[in-house]
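In case you want the letters, here they are:
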Amino acid sequence: MTGSAGAPLSRARRLAAFRGSERVLAGGTPIETVRERLNRLAADAPAAYDLDDWTDIYANEDGIVGELERRTADALGTEAAAFFPTGTMAQQVALRCWAGRTGNATVAGHPLSHLEMHERDAYAVVSGLRMVHPTSAPRLPTAAEIYDLQEPFGTLALELPLRDAGFVLPEWDELTAAVAAARERDAVVHFDGARIWECGPHFGRPLPEIVALADSVYVSYYKSLDGISGAALAGTEDFVAEARAWRHRYGGQLFQQWPAALAALAGLDRELPRLPDYVAHAKVVARALQDSLADAGVPWFRVHPQVPHTHEFQVWLPHPPDVLNEAVVRQAEETRTTLFRKWYEPGAAGPPGVALTEVTVGASALDWTADDVRAAVAEFVGLVGRVGGEEGGTRQGAG
């Protein structure tokens with residue numbers, strides 16, 4: 001990432017700018033020092049768990065990890081849940097267990113799913129599984145596409161929401177039909193539910209009713225619940241018992257995990273009840289961004305989905321990421337406002353010459369009005385013009 005006129009945009013400068021912001025629209029991981037995170041964990045801890053209890057030893061079920069597993073199962077409406085250090089490990093264990101139980105090592109999934117995009121082909125390299133794609137469209141597969149797969153598969157893996165397509169979700173009837181199609185193909189259903197916590201408002205259903213559609217579900221504790229790390233794999237008692245055995249084989253039987261478990265318990269208490277408010281306000285923010293970018297005269301932009309399905313969505317602009325990232329930092333430095341976070345090249349997902357960012361609407365955005373967004377967007381667009389002019393002048397000078 002570069003700054004003005006090609007100068008490096010250092011991590012230290014970027015974090016200092018974000019830390020100094022008094023107003024933050026696009027949330028995400030808090031910008032904190034180690035000391036600040038420890039202090040916040042200590043402040044949250046008394047309400048989350050009895051600190052006079054013992055630390056955990058190898059995820060013993062009668063301690064803090066066991067308490068987190070039980071509370072997670074209760075929230076999801078499943079018989080049991082097992083704590084995992086990472087979601088990638090939880091996903092691989094789930095798919096491996098189902099391959100053994102169904103006798104079929106083929107998984108039906110999406111090419112934009114986390115399994116394909118962000119896990120280095122672990123399902124194939126580590127677990128010896130293979131993936132087939134019912135669709136390559138930027139949405140979840142339909143029932144017809146699942147019926148039409150030309151070969152048998154043992155597991156249908158659905159990511160709710162599909163992050164790399166824009167945090168998109170199907171309609172409830174579409175989801176239930178897709179699950180029914182998998183059942184008719186004699187397959188089980190696994191939900192990559194890292195962000196399933198915030199899907200209830202879109203479906204108009206409580207979380208346990210959504211989760212009940214699947215045979216297993218993976219959830220994350222840090223993507224929506226402000227945890228430090230960690231994930232859970234949930235399902236029936238016998239499935240989770242098998243998953244625990246594979247967790248040990250995959251190296252997930254850590255000696256102590258109480259900081260991550262404590263932060264996850266605090267997140268279940270504090271963030272889970274707030275998610276419907278975040279989802280509702282994301283719709284206000286997305287509409288305001290669209291109106292503001294149009295008012296500012298931006299020749300092309302995209303807010304996707306136009307009406308967000310969760311509290312997260314994408315924004316696309318026709319500028320190089322370096323220009324936009326420099327403008328982000330300058331806005332934070334000059335106005336103490338963080339409108340966006342990091343901008344990326346879309347790669348194969350989009351045309352050259354554009355960049356995208358992900359907007360997460362959290363607690364810090366709830367007091368932003370449409371007028372606040374409009375003012376911040378006008379500032380940002382002006383800064384983009386300045387930075388782009390500087391970089392263009394530097395390139396001409398270098399030529």
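For the structure, check the block above.
Residues numbered from 1 in each chain as written. Predicted model: local features only at pLDDT ≥ 70, side-chain atom pairs only at ≥ 80, totals over all residues. Heavy atoms only, no water.

Asks: Just checking my understanding: could you explain the sheet that holds strand β7 (residues 216-220) for this structure?
Replies: Backbone-to-backbone hydrogen bonds pair the strands of a sheet. The strands run either parallel or antiparallel. Taking strand neighbours across the sheet as the criterion, the seven strands line up as β2-β8-β7-β6-β5-β3-β4 in an open arrangement whose pairing is mixed. Every interior strand has two partners, whereas the edge strands, β2 (80-84) and β4 (130-132), have only one. For this sheet, the mean angle separating the axes of adjacent strands, direction not counted, is 25°. Note that strand β3 (residues 106-108) and strand β5 (residues 155-159) share two bridges and pair parallel. Considered in β5, the bridge of Val107 is made with Thr155. In this fold helix α4 (residues 87-102) packs onto β2, β3, β5, β6 (188-192), β7 and β8 (231-235), with an angle of close to 180° to the strand it touches most, β6. (Pairing = 2+ DSSP bridges. Helix = DSSP H or I, 4+ residues; strand = E, 2+ residues; numbered from the N terminus. Axes fitted to C-alpha atoms, helices over the stretch in contact; angles between N-to-C directions. Contact = heavy atoms within 4.5 Å.)

Asks: Help me understand a negative patch on the surface in this model?
Replies: The grouping of Glu61, Asp62, Glu79 and Glu237 at the surface amounts to a negative patch. Structurally, the position occupied by Glu79 is in the loop between α3 (64-76) and β2. (Patch = residues over 30% accessible without salt bridge, like charges linked within 9 Å, V, L, I, M, F, W, Y side chains within 5 Å. Areas by Shrake-Rupley, 256 points an atom, 1.4 Å probe, with all protein chains shown as cover. Salt bridge = Lys/Arg side-chain N within 4 Å of Asp/Glu carboxyl O. Lys, Arg positive; Asp, Glu negative; His and termini not counted. Charge placed at Lys NZ, Arg CZ, Asp CG, Glu CD.)

Asks: What's the story with the side chain of His311 in this structure? I'm lost.
Replies: As for its position among the elements, His311 is in the loop between β9 (302-304) and β10 (312-317). For His311, the residues in contact, after removing those within four places along its chain, are Glu198, Ser224, Leu275, Tyr278, Val279, Ala282, Val359, Thr360 and Val361.

Asks: Sorry, what's going on with helix α1 (residues 11-19) here?
Replies: Each α-helix winds once per 3.6 residues, and so residues spaced three or four apart point in a common direction. Every buried residue of α1 is listed here: Arg14, Ala17 and Phe18. Projected down its long axis, α1 carries its buried residues within an arc of 95°, all on one side. Close packing links the buried residues of α1 with α14 (321-335) and β11 (337-338). (Buried < 20%, exposed > 50% of the residue type's maximum accessible area, 1.4 Å probe, protein only. Arc of directions from axis to C-beta.)

Asks: For this particular structure, what's the right way to read the side chain of Thr106?
Replies: Within the secondary structure, Thr106 is located in strand β3. Those residues within four positions of Thr106 in sequence are excluded, and the remaining contacts are Arg130, Val132, Pro152, Phe153, Gly154 and Thr155.

Asks: Would you take a moment to explain the nonpolar core for this structure?
Replies: Within soluble globular proteins, side chains that are nonpolar tend to cluster in buried spots. Of all hydrophobic cores here, the largest spans 61 residues; its most connected members are Leu175, Phe191, Ile196 and Trp197. Broken down by element, the residue count for this core peaks at eight residues, all from helix α12 (residues 258-270). If we skip the residues at most four places from it in the chain, Ile196 touches Leu160, Phe191, Leu207, Ile210, Val211, Val217 and Val219. If you look at the next biggest cluster of nonpolar residues, it comprises 37 residues, including Val303, Val323, Ala365 and Val373. (Core = buried A, V, L, I, M, F, W, Y, C linked by side-chain atoms within 4.5 Å.)

Asks: Can you walk me through α14 in this structure?
Replies: Between its first and last C-alpha, α14 extends 21 Å over 15 residues, near the 21 Å set by a 1.5 Å rise per residue. Counting buried positions over the 15 residues of α14 gives eleven, a clear majority of the element. Among the residues of α14, Pro321, Val323, Leu324, Asn325, Glu326, Ala327, Val328, Val329, Arg330, Gln331 and Ala332 are the ones counted as buried. Remark: Arg336 follows α14 within two positions and exhibits a positive phi of approximately 55°. (Expected span 1.5 Å × (residues − 1).)

Asks: Quick question: what am I supposed to make of the packing of aromatic side chains here?
Replies: The geometry of an aromatic ring pair is captured by two quantities: the separation of the ring centres and the angle between the planes. Under the defined criterion, the tally for this structure stands at eight aromatic pairs. Each ring, one from Trp98 and one from Phe239, has its centre 4.6 Å from the other, and the planes form 15°; the classification is stacked. Taken together, the positions of Trp98 in helix α4 and Phe239 in helix α11 (residues 237-249) put the pair 141 residues apart, joining distant regions of the chain. The same class applies to Trp98 and to Phe239, which are both buried. Seen from their ring centres, Trp343 and Phe380 are 6.5 Å apart, and the 10° between their planes marks the pair as stacked. One end of the pair, Trp343, is in the loop between β11 and β12 (355-360); the other, Phe380, is in helix α15 (residues 370-398), and 37 residues separate them in sequence. On the basis of relative accessible area, Trp343 is assigned to the buried category, the value being 2%. Relative accessible area serves as the criterion here: at 1%, Phe380 is assigned to the buried category. Members of the aromatic cluster, joined through ring pairs, are Phe340, Trp343 and Phe380. Positioned above the aromatic ring of Phe84 is the side chain of Arg247, whose terminal nitrogen or guanidinium carbon lies 5.9 Å from the ring centre. Seen from the ring of Trp246, Arg249 lies directly overhead, with NZ or CZ sitting 4.5 Å from the centre. (Phe/Tyr/Trp six-rings, centres within 6.5 Å; stacked < 30°, edge-to-face > 60°. Lys NZ or Arg CZ within 6 Å of the ring centre and 35° of its normal.)

Asks: For this particular structure, what's the right way to read the environment of Arg40?
Replies: Among the secondary structure elements, Arg40 is positioned in helix α2 (residues 34-48). Using a relative accessible area of 21% as the deciding quantity, one classes Arg40 as partly exposed. Put simply, Arg40 and Ala263 are 223 residues apart on the chain and 9.4 Å apart in space, counted from C-alpha to C-alpha. At 2.6 Å, the side chain of Arg40 and the side chain of Asp226 are in polar contact. (Polar contact = N/O pair within 3.5 Å; in protein donor to acceptor, adjacent residues only side chain to side chain.)

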